[in-house]
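Close look at the chain arrangement
Each chain, written out:
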Amino acid sequence: MTAQTPPPTVKEFCIGYPLYEEFTFAKEDDEAGWNLFFSREPIDTYCPGCNAHSIFHLHITGDIPRNLDAWVGNKRLAVVLKCSRDVAHKLFFLFEIEGRTVQKIGQYPSLADLNTYDVRQYSAVLSKGDFRELTKAIGLAAHGVGVGSFVYLRRIFENLVDAAYQIAKTDSGWDDDAYQNGRMAERIQLLAGHLPEFLVDNRSMYKILSQGIHELTENECLAAFPVVKMGIELVLDEKLAASAKQRKLEQATRAIHGLVSRAGVEARSGTDE
Ligand SMILES: [Zn+2]
């Protein structure tokens with residue numbers, strides 16, 4: 001027996017899979033196929049109607065078939081997910097089935113709309129251009145476009161590393177030659193202390209960023225996509241945390257300033273007496 005990819009859940013197939021990508025269910029996985037079309041399991045995902053995460057349920061009209069292979073054959077089946085906060089909020093998916101091979105052939109809203117919600121928070125710490133490219137990259141990757149999405153992501157990653165470099169190069173003892181001649185993994189190592197620890201510890205994963213675009217296949221890019229995206233998110237998470245801390249410090253400084261100047265006024269008015 002060969003190790004098989006586990007069958008996708010409803011959420012993975014609807015929200016994670018690009019259009020037209022096929023999955024063939026093994027006969028013993030009929031139940032997973034049945035779940036895709038008939039399960040009432042709650043699904044937690046982004047609702048464009050609520051503009052927030054919500055719990056969805058499969059909307060089924062008519063009887064729910066009992067036999068686990070009811071979905072097998074040559075047919076098209078629709079999957080409609082309804083938001084539990086407001087039943088008018090629906091996500092539509094259309095699947096083409098040939099035997100046990102299932103392919104998503106249509107959906108509304110788009111994959112990009114359903115997949116970019118979680119990165120919207122980063123617009124506060126990215127330039128407008130970088131943020132637009134980040135959402136574009138996620139949209140392209142969601143549609144199975146590997147090299148194209150990777151180019152955008154790589155550029156954002158390099159910009160973030162460069163921002164860390166601009167700070168690091170003013171450090172005493174900075175070895176600029178090593179940095180300029182280093183590949184991405186070596187640069188990340190040199191920037192330890194200015195980049196998230198996870199990124200530095202796992203820098204070898206970013207070797208792929210040093211490869212020329214012409215050397216990369218669609219599948220290599222798609223496989224590296226989540227790793228590079230995670231690296232970007234880690235850097236941005238730290239920037240978000242730093243800017244929240246900065247805001248709090250400014251508030252505290254203002255509050256203390258207010259107290260001190262009031263105390264000063266009171267002290268002065270005390271000596272006037
Ligand atoms: Zn909703």
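Residues numbered from 1 in each chain as written. Predicted model: local features only at pLDDT ≥ 70, side-chain atom pairs only at ≥ 80, totals over all residues.

**A word on the domain arrangement of the protein**
Heads up, the condition is: These domain limits were set by an automatic method or by a database of domain assignments. The contact rule is simple: place each C-beta atom from the backbone, and if two of them lie within 7 Å, those residues are in contact.
Domain boundaries in the protein define domain 1 (10-112) and domain 2 (117-239). Using only C-alpha atoms to locate each centre, domain 1 and domain 2 end up separated by 33 Å. Residue-level contacts link six residues of domain 1 with six residues of domain 2.

**A few points about unusual backbone geometry**
Short version of the rule: Secondary structure follows DSSP: runs of H or I at least 4 residues long count as helices, runs of E at least 2 residues long count as strands, and numbering of each begins at the N terminus. Any residue surrounded by 20 or more other C-beta atoms within 10 Å of its C-beta is treated as buried, while 12 or fewer makes it exposed and the intermediate range makes it partly exposed; C-beta atoms here are placed from the backbone.
The peptide bond linking Y108 to P109 adopts the cis configuration, its omega dihedral lying at -5 degrees. Positioned with a positive phi, Y20 is a non-glycine residue whose angle comes to about 70 degrees. Turning to its location among the elements, Y20 is positioned in the loop between α1 (10-16) and β1 (22-24). Taking the C-beta count within 10 Å as the criterion, Y20 has 12 such neighbours and is therefore assigned exposed. Even without being a glycine, N51 presents a positive backbone phi close to 55 degrees.

**A few points about the sheet that holds strand β3 (residues 52-58)**
Put simply, the rule is: Two strands pair under a simple rule: DSSP has to find at least two bridges between them. Lines fitted to C-alpha atoms define the axes, with helix axes restricted to the stretch in contact, and inter-axis angles between N-to-C directions lie between 0 and 180 degrees.
Ordered in space as β1-β6-β5-β4-β3-β2, the six strands form an open sheet in which the pairing is antiparallel. Pairing within the sheet leaves two strands with one partner each, and these edge strands are β1 and β2 (43-47). The average undirected angle you get between the axes of adjacent strands in this sheet is 35 degrees. Pairing of strand β4 (residues 73-83) with strand β5 (residues 90-99) involves 10 bridges; the strand directions are antiparallel. By the bridge assignment for β5, G73 is matched with G99.

**Considering the nonpolar core**
Inclusion rule: Note on terminology: a nonpolar core is a set of buried residues of type Ala, Val, Leu, Ile, Met, Phe, Trp, Tyr or Cys, with members joined through C-beta atoms within 7 Å.
L153, F157 and I232 are the most contacted members of the largest nonpolar core, which has 49 residues in total. Here this core takes eight residues from helix α5 (residues 146-168), the largest share from any one element. A domain-level breakdown of this core finds at least three residues from each of domain 1 (10-112) and domain 2 (117-239). Discounting residues that sit within four places of it in the chain, F157 has contacts with L209, V228, G231 and I232.

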